[in-house]
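Chains, contacts and geometry: an overview
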Amino acid sequence: MKKLVLSILLITCSAFAQDLTDALRYSNYKISGTARSAAMGNAFGALGGDFTSLSINPAGVAVYRSGEFTFTPSVGKISVDGTYLGNKTTDSKYNVSLDNMGYVTTIPTGSNSESGLVSFSFGLGFNRLGSFSMNTLAEGANSNNSILSYFSENMNANYDNIYGNEAATLDPYYEKLAWDTYLINHDDNAKEYFNDVKDNGYGQSQRKSTDRRGYINEYLISFGANFNHKFYLGGTVGIHDVYFKENANLYEWDAQNNIPYFTDLNFNTFLKTTGSGFNLKIGAIYKPTENIRLGLAFHSPTFYKFNDEYDSSMSTSTYDNGNPVAPDKAGVYDYEIETPMKAILSGAYVIGKSGLISVDYEIVDYSNAKLKNGSDGYDYFSQNQTIQNAYKTVGNLHIGGEYRVNKSFSLRAGYENYPSVYKTAYLNTANINSDTSYSTVAGGFGFRQGNVFFDATVKHIISDENLKLYPGSPEMAKYATTQNNVIFTLGYKF
């Protein structure tokens, strides 16, 4: 059966309103910390002793036997293949970032104590939980729809309130731009709004390009306690810093010159989101034997406060010689997001002094994400109902291994899989994005000489998703993303 998607689920340029896309963007973390952790699939919930673990299972800070400082830059390239109306295009972008900086100190409780409460540990620093930086491009010919149809249908749906008072009632960032550029007109006889693209049977070409940048960084304070070198407890206070910026351009043009009164249109949108939030994490690690490690951690929801700044413009060479029309001023809106809770089950097996294998399994119910407290009093009831009906509980898998060649040199490998958060159907309509996924494979090495260590990792990421170029479009673009990162950690133990 052909799979369809309701436009409410996957619109990529709604009227700058917050929806389930925003809730997922700031809830679905893809941690990127130290090179060692990245090489081992970030499967450190039962291992600890690495600064990334403080964002996974905070009991990992208690595993430290000494102090440590780490610094982790990375460089990478992300390429996106966009397939739309049978045509494939590619865009790419290079990224340089700082993924981790951390400090840990360990305080013994007594002289040569190896029983009872052995030591306290304290960690301070940050890990990167997500990166939004990418460029996308999708282009196709002979479309059977237009963003102008979406605008005109919205206007006709509210005809009695709009007619004769367009300047005051139309959305200044959307429909009013098309009205002011004469891309949408009024038929006095039919008493309706119309556009020439639809009236002449469509067939125009379309291109959507986006430039996205941004990140989620977690600044953290962690405390841990080591009991008998067998049982470890820890807690982390995480403070999140969020930045997201997107510039997008939708270009429609009559390549065959078949549509009277229409040559082309450019619709540009801009969105910048800044925000901060906090969460709490608690965790435990237990060593029933010298070879087996078990971990359990719980993450509270992250409580975010966001500010959106947005703007748009539209131009057409048909009527105004390409001079853009824009709103009088940019829009501003404040709101909140509450992310889902998370539970992490972990296990590891240590093979003497020669290596180890580790597995983490994260359980997250994304249907519990919530939008809240719009600055104009909006309660997001309908959006939160959609989130509950569209998203599901998933299990994210992390697997890693390390082989110690000698006391100075180690080899590592890892795998991560994040299944789709979308249910297979919404309101009896199948969802094509329920088959998408995000996975990584990584490999690297570590070198230690005295108190100094150096880790390097190559990480390969593949993912895919299906998105609409604009609201109301019956066709979707498929974006297949490939990313290759090189990650380095320089550390010092003291």
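The notes below deal with the structure included here. Treat the numbers as computed from the prediction; the structure is a model and nothing was measured.

**Regarding the overall build of the protein**
Broken down by element type, the protein carries nine helices and 22 strands. Over its C-alpha atoms the protein spans a radius of gyration of 26 Å, differing by no more than 12% from the 23 Å that the globule rule assigns to 494 residues. With the C-alpha coordinates of the protein rotated into their principal frame, the extents come out at 95 × 45 × 45 Å. Taking all contacts inside the protein whose residues are at least 6 apart in sequence as the whole, residues at least 24 apart take part in 73%. When the 39 basic and 48 acidic side-chain charges of the protein are each reduced to a single mean position, those positions are 14 Å apart.

**What about helix 4 (residues 147-157)?**
Within the span of helix 4, buried status applies to Ile147, Leu148, Ser149, Phe151, Ser152 and Met155. Where helix 4 begins, one side-chain oxygen reaches toward the backbone nitrogen of Leu148, 3.1 Å away; that side chain belongs to Ser146.

**Quick look at the environment of Tyr193**
Relative to the elements of secondary structure, Tyr193 occurs in strand 6 (residues 192-194). Overall, the relative accessible area of 2% leaves Tyr193 in the buried class. Not counting chain neighbours up to four residues away, the residues in contact with Tyr193 comprise Ser152, Met155, Asn156, Tyr159, Ile162, Tyr163, Gly164, Glu166, Trp179, Ile184, Asn185 and His186. For Tyr193, the side chain forms a polar contact with the side chain of Glu166, separated by 2.6 Å.

**Examining the nonpolar core**
If you look at the biggest cluster of nonpolar residues, it comprises 74 residues, and the most contacted ones within it are Tyr26, Leu148, Phe151, Phe267 and Tyr391. Counting six residues, the second largest nonpolar core, distinct from the first, contains Phe51, Leu54, Val61 and Val104.

**Observations concerning the packing of aromatic side chains**
Overall, the coordinates contain 29 aromatic pairs when judged by the stated rule. Ring centres of Tyr333 and Tyr335 lie 6.5 Å apart, and the angle between their planes is 25°; on these two criteria the pair is classed as stacked. The same class applies to Tyr333 as to Tyr335, namely buried. Here a set of aromatic residues connected by ring pairs shows up, and it is made of Tyr26, Phe132, Phe244, Tyr304, Phe306, Tyr333 and Tyr335. Its guanidinium or amino end placed over the ring of Phe244, Arg25 lies 4.1 Å from that ring's centre, counting from NZ or CZ. Stacked on the ring of Tyr438, the Lys or Arg Lys30 has its end atom at 4.6 Å from the ring centre.

**Some words on helix 9 (residues 381-390)**
Restricting attention to buried positions, one finds in helix 9 the residues Gln383, Asn384, Thr386, Ile387 and Ala390. For helix 9, the angular spread of the buried residues around the axis is 155°, confining them to a single face.

**Re the pattern of salt bridges**
Summed over all chains, the structure comprises 15 salt bridges. Of the charged contacts in the structure, one is a salt bridge between Asp81 and Lys88, with a shortest N-O distance of 3.7 Å. Residue Asp81 is classed as partly exposed on the basis of its relative accessible area, which comes to 24%. Residue classification places Lys88 among the exposed positions, given a relative accessible area of 55%. Close ionic contact of Lys342 with Glu362 constitutes a salt bridge, the shortest N to O distance being 3.9 Å. Pair noted here: Lys342 is in strand 13 (residues 342-351) and Glu362 is in strand 14 (residues 355-365), with a separation of 20 residues, a long-range link. Residue classification places Lys342 among the buried residues on the basis of a relative accessible area of 13%. On the accessibility criterion, Glu362 (8% relative accessible area) is buried.

What counts, and at which threshold
- Just so you know, the residues in each chain are numbered from 1, in the order the chain's sequence is written.
- Thresholds applied to this predicted model are a pLDDT of at least 70 for local features of residues and 80 or more for the giving and counting of side-chain atom pairs; totals over whole chains, interfaces and linings are not thresholded and use all residues.
- Each side-chain value is worked out from all heavy atoms of the structure, with water and hydrogens disregarded.
- Put simply, DSSP H or I for four residues or longer makes a helix, DSSP E for two residues or longer makes a strand, and each gets a number counted from the N terminus.
- Only the C-alpha atoms count toward the radius of gyration. The rule for a globule is 2.2 Å times the residue count to the power 0.38.
- Contact criterion: two residues are considered in contact whenever any of their non-hydrogen atoms come within 4.5 Å of each other.
- His is not counted, nor are the chain ends, whereas Lys and Arg count as positive and Asp and Glu as negative.
- Every charge is mapped to an atom, namely NZ of Lys, CZ of Arg, CG of Asp or CD of Glu.
- Type-normalised accessible area, obtained with a 1.4 Å probe on protein chains alone, sets the label of each residue: buried when under 20%, exposed when over 50%, and partly exposed for intermediate values.
- For the purposes of these results, a polar contact is taken to be a pair of N or O atoms within 3.5 Å, where, inside protein, one atom must be able to donate a hydrogen and its partner to accept one; residues adjacent in sequence count only when each atom of the pair is a side-chain atom.
- We call a set of buried residues a nonpolar core when its members are Ala, Val, Leu, Ile, Met, Phe, Trp, Tyr or Cys and they connect through side-chain atoms within 4.5 Å of each other.
- Note on aromatic pairs: the rings of Phe, Tyr and Trp (six-membered ring only in Trp) are paired at centre separations within 6.5 Å, and the planes decide the class, stacked below 30 degrees, edge-to-face beyond 60, tilted for the rest.
- Should the NZ of a Lys or the CZ of an Arg lie within 6 Å of a ring centre and within 35 degrees of the ring normal, that charge is described as sitting over the ring.
- Throughout, the arc means the angular range of directions from the helix axis out to the C-beta atoms.
- Any Lys or Arg side-chain nitrogen found within 4 Å of a carboxyl oxygen on Asp or Glu counts as a salt bridge.

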